[in-house]
Amino acid sequence: MPITERLYYSDSHLIEFDARVVDLSDRVSGWTAVVLDRTAFYPTGGGQPSDTGTLNGARVVECIDDGDNGVLHVVQGAAPLRDAVVHGRVDWSRRLDHMQQHTGQHILSQAFINLYNAPTRSFRVLEASCEIDVDLGNPTTEIIERAVELANNVVWEDRAITIRNVTSSEAAELPLRKEPSRDGDLRVIEIEGFDLTPCGGTHAYRTGEVGMIAVRTWERAKGLTRLEFVAGTRALADYRRANKSAREVAALFSTGRDDGPQYAAQMVEEHKELNRRIRVLEEVAAEVEAEKLFASAQDGVVLHVFADRDADSLKKLAHALIANPQTIALLGSRDKDTARLVFARSADASGDMSMLMREACALLEGRGGGRPDMAQGGGKNVEKLDSALTHALTLLARAS
Ligand SMILES: [Zn+2]
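> Before we go on, may I ask you to explain the nonpolar core in this structure?
It is characteristic of soluble globular proteins that their nonpolar side chains tend to be buried jointly. Ile-107, Leu-108, Phe-112, Ile-213 and Phe-229 are the most contacted members of the largest nonpolar core, which has 29 residues in total. When residues of this core are traced back to their parent elements, those giving at least two are α1 (92-116), β9 (120-125), β10 (130-134), α2 (141-156), β12 (186-191), β14 (213-221) and β15 (224-231). Looking at this core element by element, the count peaks at six residues for α2. Judged by nonpolar contacts, the second largest core, of 21 residues, contains Ala-339, Ala-360, Leu-364 and Ala-375.

> Would you explain the environment of Met-212 in this entry?
Secondary-structure assignment places Met-212 in the loop between β13 (195-198) and β14. Met-212 sits in the partly exposed class, given a relative accessible area of 36%. Linking Met-212 and Val-305, residues 93 residues apart in sequence, is a C-alpha distance of 64 Å.

> Can you help me understand the coordination of the zinc ion in this one?
Bound to the zinc ion are the protein donor atoms His-102 (NE2), His-106 (NE2), Cys-199 (SG) and His-203 (NE2), situated 1.9 to 2.2 Å from the metal. One way to put it: the four donor atoms around the zinc ion meet at angles of 100 to 124°, and that makes the site tetrahedral. Counting along the primary sequence, the residues that act as donors to the zinc ion give the motif H-x3-H-x92-C-x3-H. Pair noted here: His-102 is in helix α1 and His-203 is in the loop between β13 and β14, with a separation of 101 residues, a long-range link.

Cut-offs used in this document
Residues numbered from 1 in each chain as written. Predicted model: local features only at pLDDT ≥ 70, side-chain atom pairs only at ≥ 80, totals over all residues. Heavy atoms only, no water. Core = buried A, V, L, I, M, F, W, Y, C linked by side-chain atoms within 4.5 Å. Buried < 20%, exposed > 50% of the residue type's maximum accessible area, 1.4 Å probe, protein only. Helix = DSSP H or I, 4+ residues; strand = E, 2+ residues; numbered from the N terminus. Donors = N, O, S within 2.8 Å, 3.2 Å for Na, K, Ca; no water. Tetrahedral: all angles 85-135°; square planar, octahedral: opposite > 155°, others 65-115°.

What follows is the structure, encoded as structure tokens:
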């Protein structure tokens, strides 16, 4: 006779019960683990998280399956005494949610067997959705949605779900969806005319209780197909989130909910085209700007500090400047919190830009480098930008 009689085995909808405390132990968390002679609390197992609830009003935060030692109810706060009779209450909304996900998984897994002979290898209930790994060779959204459709038809046919307790030899005669994970007598969950699976979890009374099953997304993972799905109240919550997102996107374009993607795609295309035109215009502007700056050159050196120019724009300008013969460009910019530098020289000018850049960047507490004719860098000490450029100019004069 096991220590704890598991009431959830025979009735998944029983959420209130009385039981006697048979054992108590302290947890490292400082809370108390209570073992009862009977319980309606489902402990963590089979991919399904445990129930929560109360024992005599004290919070049960988790239940752990300790095998033959019974079910541990981890109680936060005042624990009952040994031999006391306590009243247990399981949080129904959490139980219903878990039953919907778990029963939904039985149905979805069998749908993949029915259509594609693709067995489920693992199952997890996550925070807001669930995952199953299906041995499905060539997944496509269409193939997956066909199984989702079959699963939902089974939900809406509101088929009965019953528990059969069978011996291992009786089980051997049954067309079970998966091999039992243990020997001896088995608890088999039957979805009328659809699925027979050995399982110790909590299930809906009828498939209709699952409400709806929807696959959010899928991917190939370790040779299997990993599906993220939601059932029941999670499907409704997910629909609400998806609907809100879709409506918010559509509102940006002042269009109807379902036209959002088309407008967004159009905008991305326009954005690409605009960027292309900006690049062309930037080059034209850099040439014009370079002409003006070149007029200020002293001994073939153009030295200038800009406000708010990124490295790319500095480089374009440097390129335009060194198109002139015998020219060296020493350009700097205060780009937000960063000092940026670009040094360049025309092919017929002399000087090691890479060396100058390393020296200048040391003053900026940053890094830089490049080739003898073109180098870039920067640093966080923006205040030293002017002196870094002057330093580079001095080194350049010394070398020539
Ligand atoms: Zn199950």
